[in-house]
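Residues per chain, in single letters:
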Amino acid sequence: TVAMGNSSCGCSSGADRFASLSTRMPKLLLDQAQLEALVAPVCSAHSVQLVDVRHLREMDEWIRTYDPGFWDRAQEQFRSSAVRLIAAIRDYRSQDRFREAGESAHALKGLCLMMGLSRMGEVCKNLEVLVAQNADHRWNDHVDELETCMEPSLAEMRKQVGQP
């Protein structure tokens, strides 16, 4: 059963007891099987599109009018920041500094979502869940996914906004 805050789902027997527990424990609670399913590598599963097309098109409409050079600058700045943050995530994890690794994943998630790179954002979200659960299950797989997804995501972003 998964619970967040005061809500729960998937409860059958013992639901009242679990709901009571969830009101006292606002932290996300997952059993091992649910944790494994949640943090399965995202890119290889293709469960999330590389980019949020609607988000990119809305941004592109404004950008074409007010700042036509934005996409080139943003892509290079994103790549530079993403490479730095992915390295920080790996380094912090190798030093068992989970809080800092989670903070770096959170920062990268924000950049990804701002740029419409939904699949990378989802991978970062999964890393945050691992930090919250004090789990390192498939941690390196997720960081590898970030590296693997970056260039295809940027290429798809360029395609969606009509950039070479």
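Above this text you will find the structure in question.
The structure reproduced in this document is the subject of the present report.

### Re the side chain of His 142
Part 1 of the reasoning: For His 142, the location among the structural elements is in helix H8 (residues 139-160).
Part 2 of the reasoning: Owing to a relative accessible area of 0%, His 142 belongs among the buried residues under this scheme.

### Remarks on the pattern of salt bridges
Part 1 of the reasoning: One pass over the structure, following the stated rule, counts 15 salt bridges.
Part 2 of the reasoning: Notably, a salt bridge pairs Arg 64 with Asp 60, separated by 2.6 Å at the nearest N-O pair. With Arg 64 and Asp 60 both in helix H4 (residues 53-66) and 4 residues apart, the pair spans about one turn of that helix.
Part 3 of the reasoning: The class for Asp 60 is buried, based on a relative accessible area of 8%.
Part 4 of the reasoning: For Glu 100, the salt bridge is made with Arg 99, and the minimal N-O distance between the two is 3.4 Å.
Part 5 of the reasoning: The class for Glu 100 is buried, based on a relative accessible area of 17%.
Part 6 of the reasoning: Residue Arg 99 is classed as exposed on the basis of its relative accessible area of 53%.
Part 7 of the reasoning: Several salt bridges share partner residues, and in doing so they unite Arg 97, Arg 99, Glu 100 and Glu 103 into one network.

### Some thoughts on the side chain of Ser 118
Part 1 of the reasoning: Tracing the backbone shows Ser 118 in helix H7 (residues 118-132).
Part 2 of the reasoning: Dropping the residues within four chain positions of it, Ser 118 is found in contact with Val 48, Gln 49, Leu 50, Val 51, Asp 52 and Leu 113.

Rules used throughout
Residues numbered from 1 in each chain as written. Predicted model: local features only at pLDDT ≥ 70, side-chain atom pairs only at ≥ 80, totals over all residues. Heavy atoms only, no water. Helix = DSSP H or I, 4+ residues; strand = E, 2+ residues; numbered from the N terminus. Buried < 20%, exposed > 50% of the residue type's maximum accessible area, 1.4 Å probe, protein only. Salt bridge = Lys/Arg side-chain N within 4 Å of Asp/Glu carboxyl O. Contact = heavy atoms within 4.5 Å.

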